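Geometric and topological summary
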Amino acid sequence: MDALTGLDLLTGVVPVTAGVLAGAGGLFLFLRRGRGWWAAVAAAAAAAGLLAWGINWFLTNVSGTTAHDLPGPVILWLAVAVLAVLLMLLNLHRSRWPRKVLAPAAMAMVLLSATLGTNAYFGTYRTVDDLTGASTAGITALAPGTGAPDAGTSPVLGPVSARWVKPADLPTGGTISSVQIPGPVSGFSPGTGYVYLPPAYQAQDRPLLPVLVLVAGQPGSPSDWVSSGRLKETMDAFAAAHQGLAPVVIVPDANGSGTGNTMCMNSAIANADTYLAVDVPAWVRSTLSVDLNPRRWAFGGFSFGGTCAIQMAALHPDIYPSAIDLSGEAEPALSADRAETVRRAFAGNTGAFTALTPLEVMAHTRYPNSAVYFAAGAQDGTFSAYMAQVSGAAKQAGMDVIAVPVPGLGHSWGVPQQALGPALDWLAYRLGLVH
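Definitions and limits used
Numbering of residues begins from 1 in every chain and follows the order in which that chain's sequence is written. Residues qualify for local features only when their pLDDT is at least 70, as the model is predicted, and side-chain atom pairs are given and counted only at 80 or more; totals for whole chains, interfaces and linings, by contrast, use all residues. Water and hydrogen atoms were dropped before computing side-chain values, which therefore reflect all heavy atoms in the structure. A run of H or I in DSSP counts as a helix once it spans at least four residues, and a run of E counts as a strand once it spans at least two, with each numbered from the N terminus. Polar contacts, as used here, are pairs of N or O atoms within 3.5 Å; protein pairs need one atom able to donate a hydrogen and one able to accept it. Residues neighboring in sequence count only if both atoms are side-chain atoms. Remark: exposure states derive from per-residue accessible area (1.4 Å probe, protein chains only) relative to the maximum for the residue type, with buried under 20%, exposed over 50%, and partly exposed in between. Throughout, the arc means the angular range of directions from the helix axis out to the C-beta atoms. Contacts are assigned to residue pairs that have any heavy atoms within 4.5 Å of one another.

Now for the environment of Thr287. Relative to the helices and strands, Thr287 resides in helix α10 (residues 272-287). In this structure the C-alpha to C-alpha distance between Thr287 and Val128, which are 159 residues apart in sequence, comes to 34 Å. A polar contact of 2.7 Å, which involves the side chain of Thr287, links it to the backbone oxygen of Trp283.

Set out below in structure tokens:
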């Protein structure tokens, strides 16, 4: 069973086989004799295109599932899926029983391939275990007292790398545990989060390590960083190159549910900004042994989380002076219609919303001690444009900035998979991991 649930859904035999079967199924659905058949196929194709775009419009303007149009390849896969359904229905009309039986099977083959193609674009689920949640279901809760801070712990001025001597028996990999991070000040009710403790954290004479807070995309959940983002693999690789040193990584739930959207702001929806800027740091300081020097703290994220990262860097440079914005937006949003975002979150008060957006805040603030690493897929035109706009504003505001296009990728989890490591390398000196 493990061999099946662990099969790679992004590359290799599964998507290739599904593509071959979908090709055969598609030919079966297309090729049929009868008067007016090709006119019906043409009409179905036109209808599929219109329906796919209509679904995209609904998701961005009505349901609030996303505030941005779906990527072109995803809309195309959606149109293919809709066309397969329409052709299946046409094949049921005035046909013999073999076609009536085979048409739904052919449609299913096309739908499976379209689903895998969409998943491959976003890079969300590597395996069936990722899809079902089994890959993170076995993660145990952080044991009580694990790494509780010593009494009197205070900020350390020098880099941890200058004081660290790697023990001979240090584990080669870090650990991931689930955590519940309450919101006593914000009143926010989050779901399960995660914490990565690097190899050095497991040493008997534990060093005080820097902190990295990461937020996932929306829709999504903190577990996405563990499965889709390959967090452990990335952090273990970084630790291996730095004598076991790496940040302690906190992955909080910033939305409260997989479909929620707090915009990481204090609004009528939730006090998410207070949760991330007050409650999460307080929990970290009271629960874990970490470097309390604020210069050693960073905030990062992908997509929605990337937007959240630049918000934290702009509004709270004293708490998160370093940030990693991966495929973030220009500003937080609930809908493609900015007025709808303002109506739902700020009772129509545009000024109140605008005053909290990173572009507005950075336009009136100087950041001589802040640094932000930006990255976006080179094939992701929308978010690459956001990256250019926001990174330019951050640089103008005095932040140390680097903006990196990730070759061959769109708006997918492949961006954090490829960019988080280089981002940490770029921030390593600031975080005290090299000297």
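Continuing now.
Our focus in this paragraph is unusual backbone geometry. The amide bond that connects Gln218 to the next residue, Pro219, takes the cis arrangement and shows omega of 0°. Relative to the helices and strands, Pro219 is located in the loop between β3 (211-215) and α8 (223-227). Even without glycine at this site, Gln243 takes up a positive phi of about 60°. For Gln243, the position within the fold is in the loop between α9 (231-240) and β4 (248-251). Here Ser327, not a glycine, exhibits a phi torsion of approximately 55°, which is positive.

What follows concerns helix α12 (residues 338-346). Among the residues of α12, those classed as buried are Thr341, Val342, Ala345 and Phe346. The buried side chains of α12 occupy one side of the element, clustering within an arc of 95° when seen end-on. On its buried side, α12 packs onto α13 (350-354). Looking at where α12 begins, the residue whose side-chain oxygen comes 3.1 Å from the main-chain nitrogen of Ala339 is Asp337. Once α12 ends, the next one or two residues include Ala347, with phi positive near 50°.

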